[in-house]
Amino acid sequence: MVHLGVNIDHVATLREARRGREPDPVHAAMLAELGGADSITVHLREDRRHIQDRDLDVLLHTVATTINLELATADDVVAIACRAKPAQATLVPERREEVTTEGGLDLTQNRVATQGAIERLRDAGVTVSLFIDPDPAQIDAAAELGVTAVELHTGAYAHAFSAGDAGNALLTLQAAADRVHASGMRLHAGHGLNYQNVGPVAALANMFELNIGHSIVCRALWTGFEPAVREMKRLIDAASSVR
């Protein structure tokens, strides 16, 4: 079955709106695990707009599954990851002015910095994944860097699905997924996935992990966090069981 990583960043976003103590992302992580999450994803941004250093520290001591830490290649954040030693670190692009991550790493332009971060994380015993667009050149570059996994950016697919024309975008993801698997890397995917569009991505051959946050947090406002995660997990299991 495909693993579900639940991203709890936006629980922290709501908390930081008033710089208070609630809602607590650590509590959300606990409920996500009760709902069937296989891992917890957090993005420690350079500007600390949501997840804070203390959140990461507490989560590392309380999460019963595993932590997937998203981070940029900035030296100080990589140093934190090397000390924290999460089960997995996913390197992502980051711009201060963006609302959320807008695309994958460009490994043709940022290879030196990315390679340096990979080596530091690997030396610290951390499994490394790269968040990239479903582009053959990016996949080949990731393979050359020797990472364990890549997470395909599914934003274009999500937008196309909303417009009622996801066919070509899904074919692009399928081709990328095949290339990732053929290159010997583990296949992850995420960004913009929700309860309506997750099925076809979960059904892709060799899919290992989907990371989903915003949609689950939105659903949780009406159902509660644990039921929201449980429903997403059910949809992923149903789709991946018939591939």
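The structure presented is a predicted model; accordingly, all values stated were derived computationally and were not measured. Every chain's residues receive numbers from 1 upward, in the order its sequence appears when written. Totals for whole chains, interfaces and linings use every residue, but because this is a predicted model, local features are given only for residues with pLDDT of at least 70 and side-chain atom pairs only at 80 or more, for both listing and counting. Based on all heavy atoms of the structure, the side-chain values leave hydrogens and waters out of the count.

Regarding the pattern of salt bridges
One side chain can pair with another of opposite charge once the charged atoms of both are near each other.
Right, on to step 1. By salt bridge we mean one thing: a side-chain nitrogen of Lys or Arg within 4 Å of a carboxyl oxygen of Asp or Glu. Evaluated as defined, the whole model comprises 11 salt bridges.
Right, on to step 2. For R48, the salt bridge goes to D53, with nearest N and O atoms at 2.6 Å.
Right, on to step 3. Think of it in three bands: with a 1.4 Å probe and only protein chains considered, a residue is buried below 20% of the maximum accessible area for its type, exposed above 50%, and partly exposed in between. Given a relative accessible area of 18%, R48 falls into the buried group.
Right, on to step 4. When its relative accessible area of 37% is taken as the criterion, D53 is described as partly exposed.
Right, on to step 5. One salt-bridge network, held together by shared partners, links R15, E16 and D55.

Let's talk about the UniProt feature "binding site: 3-amino-2-oxopropyl phosphate" (unreviewed entry) in the protein
Right, on to step 1. In this numbering, the UniProt entry assigns the feature "binding site: 3-amino-2-oxopropyl phosphate" (unreviewed entry) to N7, R18, G192, G213 and H214. The greatest C-alpha distance among the residues just named is 25.9 Å, and with 208 residues of sequence between them they are spread in space as well. For the second largest pocket, the lining residues among the annotations just cited are H214.
Right, on to step 2. For the purposes of this entry, the term helix denotes a DSSP run of H or I that reaches at least four residues, the term strand denotes a run of E that reaches at least two, and both are numbered from the N terminus. Following the sequence through the fold, R18 ends up in the loop between α1 (9-16) and α2 (25-34).
Right, on to step 3. Residue classification places R18 among the exposed residues on the basis of a relative accessible area of 78%.
Right, on to step 4. Locating G192 in the fold gives a position in the loop between β7 (186-190) and α9 (198-202).
Right, on to step 5. Here, residues are in contact when the closest pair of their heavy atoms is within 4.5 Å. Beyond its immediate stretch of four places on either side in the chain, G192 contacts A158 and N197. UniProt positions are given in the numbering used here, feature names are shortened, and annotations may be inferred rather than shown by experiment. The way it works is a 1 Å grid over only the protein atoms, where trapped points that fit a 1.4 Å probe form a cavity and open points with protein on both sides within 12 Å along at least five of seven lines form a pocket, and then any residue with an atom within 4 Å of a point lines it.

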